[in-house]
Amino acid sequence: MTKKISSKVVRARSLAIYELEKFIEYVGTLDSELQPDERIVLAAFLLQGLPQLFEQNPVLMDQVKVIAVKMRLKRRHPLN
């Protein structure tokens, strides 16, 4: 039996894919001689390192946590 995916999750995934594509384009600007597959692999490598980057940068981690709290509050109080 397949689990139905909510429209909110579908929209969120679409946004994540869109932003990932923009990030891959950005990675290509770091070295214009990279092939498309190499840009994707480099972007994946950078994404893999993000948790460690957040852990090593408390200010950045705090900013992410603040955004998460705001998202939760918005869900609880959608008119705000």
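Refer to the preceding data block for the structure.
Residues numbered from 1 in each chain as written. Predicted model: local features only at pLDDT ≥ 70, side-chain atom pairs only at ≥ 80, totals over all residues. Heavy atoms only, no water.

Draft legend 1. Quick peek at a positive patch on the surface. Together, Lys8, Arg11, Arg72, Arg75 and Arg76 make up a positively charged patch on the protein surface. For the positive patch, the elements supplying multiple residues, two or more each, are α1 (7–30) and α4 (58–76). Structurally, Arg11 is set in helix α1. (Patch = residues over 30% accessible without salt bridge, like charges linked within 9 Å, V, L, I, M, F, W, Y side chains within 5 Å. Areas by Shrake-Rupley, 256 points an atom, 1.4 Å probe, with all protein chains shown as cover. Salt bridge = Lys/Arg side-chain N within 4 Å of Asp/Glu carboxyl O. Lys, Arg positive; Asp, Glu negative; His and termini not counted. Charge placed at Lys NZ, Arg CZ, Asp CG, Glu CD. Helix = DSSP H or I, 4+ residues; strand = E, 2+ residues; numbered from the N terminus.)

Draft legend 2. Up close: the packing of α1 against helix α2 (residues 36–48). Interhelical geometry of α1 versus α2 gives an angle of 110° and a closest axis separation of 9 Å. When the interaxial angle is binned, α1 and α2 end up roughly perpendicular. Across from Leu20, Phe23, Ile24, Val27 and Gly28 in α1, the residues of α2 making contact are Arg39, Ile40, Leu42, Ala43, Leu46 and Leu47. Residue composition of the contact of α1 with α2, grouped by class: nine nonpolar, one polar and one charged. (Axes fitted to C-alpha atoms, helices over the stretch in contact; angles between N-to-C directions. Parallel < 35°, antiparallel > 145°, perpendicular 65-115°, else oblique. Contact = heavy atoms within 4.5 Å. Nonpolar A, V, L, I, M, F, W, Y, C, P; charged D, E, K, R; others polar.)

Draft legend 3. Local environment of a nonpolar patch on the surface. On the surface, a nonpolar cluster with roughly 220 Å² of combined accessible area is contributed by Ile5, Val9 and Val10. Tracing the chain through its elements places Ile5 in the segment before α1. The exposure class assigned to Ile5 is partly exposed, which follows from its relative accessible area of 41%. (Buried < 20%, exposed > 50% of the residue type's maximum accessible area, 1.4 Å probe, protein only.)

Draft legend 4. Geometry of a negative patch on the surface. There is a patch of like negative charges on the surface, built from Asp31, Glu33, Asp37 and Glu38. With respect to the helices and strands, the residue Asp37 is situated in helix α2.

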